[in-house]
Amino acid sequence: MKFDLHTHTTIHSGCSRLTPQQLVERARAVGLDGLVITEHDAQWTPDAVAELAEQSGLVILTGMEVSTDLGHVLAYGLPKYLPGIYRAKGLREAADEVGAVLIQSHPLRLPVYVGGDFEGKNGHRMDDLLRKPILQLVDSIEIYNAGRPPAENEQAAELAEHLGWKGIGAGDAHTLDAVGACVTVFEEPIRTMADLVHELRAGRYHAAHQATSTQVRS
Ligand SMILES: [Zn+2]
Ligand SMILES: [Zn+2]
């Protein structure tokens, strides 16, 4: 099953230009089986997401992209935004209490306050990357992010390989073009957040790119 695990909508992400309806229509048009809505520091209620899923026929789940002191982290399986999770350590503790999975998004992007850019044209030194404290606190990293430069994604994939992690692919969609441009393909069916968490832990998935523009008839 093909999923976009990282999407933003106008409902809770001020930076997104996608309404939930646009997101879902596009997801269907590019052949996704499901998606996870991961707003910035806010999580849709299961009821709201169930209503959207019912209308669309897709599997739609609710996660969150948490802004922490060590960067953005995708959280799958937390009940809602919790106090103290703005610190990556607090987020890890909260995740462990409920068995949630944490995946660092765009792991090589610099924080926005220093430009939000890829660190240098030649990339990072792998030794430096491997020493980053956030890697002790997450379960995996995003390796293909449709909004990041190809060279950055390549090095993120290399980093995951060094760590022995699969790494996910996702659109990080704030606009139509990004929806499903990078995906995570699961070997087993995913119907619920519990399924997703289970399969992420089991590592039965791989990240992929897809040429969405050629598949969409408008
Ligand atoms: Zn982010
Ligand atoms: Zn994002």
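The rules behind each value
Residues numbered from 1 in each chain as written. Chains lettered and ligands numbered in written order. Predicted model: local features only at pLDDT ≥ 70, side-chain atom pairs only at ≥ 80, totals over all residues. Heavy atoms only, no water. Helix = DSSP H or I, 4+ residues; strand = E, 2+ residues; numbered from the N terminus. Buried < 20%, exposed > 50% of the residue type's maximum accessible area, 1.4 Å probe, protein only. Polar contact = N/O pair within 3.5 Å; in protein donor to acceptor, adjacent residues only side chain to side chain. Donors = N, O, S within 2.8 Å, 3.2 Å for Na, K, Ca; no water. Disulfide = S-S within 2.5 Å. Phe/Tyr/Trp six-rings, centres within 6.5 Å; stacked < 30°, edge-to-face > 60°. Tetrahedral: all angles 85-135°; square planar, octahedral: opposite > 155°, others 65-115°. Pairing = 2+ DSSP bridges. Axes fitted to C-alpha atoms, helices over the stretch in contact; angles between N-to-C directions. Salt bridge = Lys/Arg side-chain N within 4 Å of Asp/Glu carboxyl O.

Draft legend 1. Main features of the side chain of His72. Tracing the chain through its elements places His72 in strand S4 (residues 71-76). Note on His72: relative accessible area 18%, which makes it buried. At 3.4 Å, the side chain of His72 forms a polar contact with the side chain of His106.

Draft legend 2. The arrangement of the coordination of the zinc ion (ligand 1) in detail. Those protein atoms acting as donors to the zinc ion (ligand 1) are Glu65 (OE), His72 (ND1) and His106 (NE2), and they sit at 2.1 to 2.2 Å. Here the donor residues of the zinc ion (ligand 1) are spaced in sequence according to E-x6-H-x33-H. Between the zinc ion (ligand 1) and the zinc ion (ligand 2), both coordinated by Glu65, there is a metal-metal distance of 3.5 Å.

Draft legend 3. Representation of the state of the cysteines. Under the counting rule described, the total for this entry stands at zero disulfides. Of all cysteine sulfurs in the structure, the one in Cys182 sits closest to Cys15, which takes part in no disulfide; the separation is 18 Å. Judged by its relative accessible area of 3%, Cys182 is buried.

Draft legend 4. Representation of the packing of aromatic side chains in the model. Overall, the coordinates contain two aromatic pairs when judged by the stated rule. Note on Phe3 and Phe186: the rings are 5.8 Å apart at their centroids and 90° apart in plane angle, and the pair reads as edge-to-face. Residue Phe3 is located in strand S1 (residues 2-7), and its partner Phe186 is located in strand S8 (residues 182-186); the two are separated by 183 residues in the primary sequence. Here Phe3 falls in the buried class, since its relative accessible area comes to 0%.

Draft legend 5. Spatial organisation of the coordination of the zinc ion (ligand 2). Protein-derived coordination of the zinc ion (ligand 2) comes from His6 (NE2), His8 (NE2), Glu65 (OE) and Asp172 (OD), at a distance range of 2.0 to 2.2 Å. Coordination at the zinc ion (ligand 2) comes from four donor atoms whose angles at the metal span 80 to 175°, giving a geometry best classed as irregular. Sequence positions of the residues that donate to the zinc ion (ligand 2) give the spacing H-x1-H-x56-E-x106-D. Judged by relative accessible area, which is 0%, His8 ranks as buried. The buried category is assigned to Asp172, whose relative accessible area is 11%.

Draft legend 6. Geometry of the sheet that holds strand S3 (residues 59-68). Read from one edge of the open sheet, nine strands run S7-S6-S5-S4-S3-S2-S1-S8-S9, paired in mixed fashion. The open sheet is flanked by strand S7 (168-170) and strand S9 (205-209), the only strands paired with a single partner. Within this sheet the neighbouring strands show an average axis-to-axis angle of 35°, counted without direction. Pairing between S1 and S8: two bridges, direction antiparallel. When the bridges of S8 are listed, Phe3 appears paired with Thr184.

Draft legend 7. Highlighting helix H6 (residues 193-202). Restricting attention to buried positions, one finds in H6 the residues Met193, Leu196, Val197, Glu199 and Leu200. Count one or two residues on from H6 and you reach Gly203, which has phi positive near 75°.

Draft legend 8. Spatial organisation of the pattern of salt bridges. One pass over the structure, following the stated rule, counts ten salt bridges. Between Lys89 and Glu93 there is a salt bridge; the shortest N-O distance is 3.7 Å. Of the two residues, Lys89 and Glu93 both sit in helix H3 (residues 88-98), four residues apart, roughly one turn of that helix. Lys89 sits in the exposed class, given a relative accessible area of 56%. Its salt-bridge partner being Asp139, residue Arg92 comes within 3.2 Å of it at the nearest N-O pair. Of this pair, Arg92 sits in helix H3 while Asp139 is found in the loop between helix H4 (126-130) and strand S6 (140-145), placing the two residues 47 residues apart along the sequence. A residue is classified by how much of its surface remains accessible, and Asp139, at 28% relative accessible area, is partly exposed. Linked by salt bridges that have partners in common, Arg125, Asp127, Asp128 and Arg131 make up one network.

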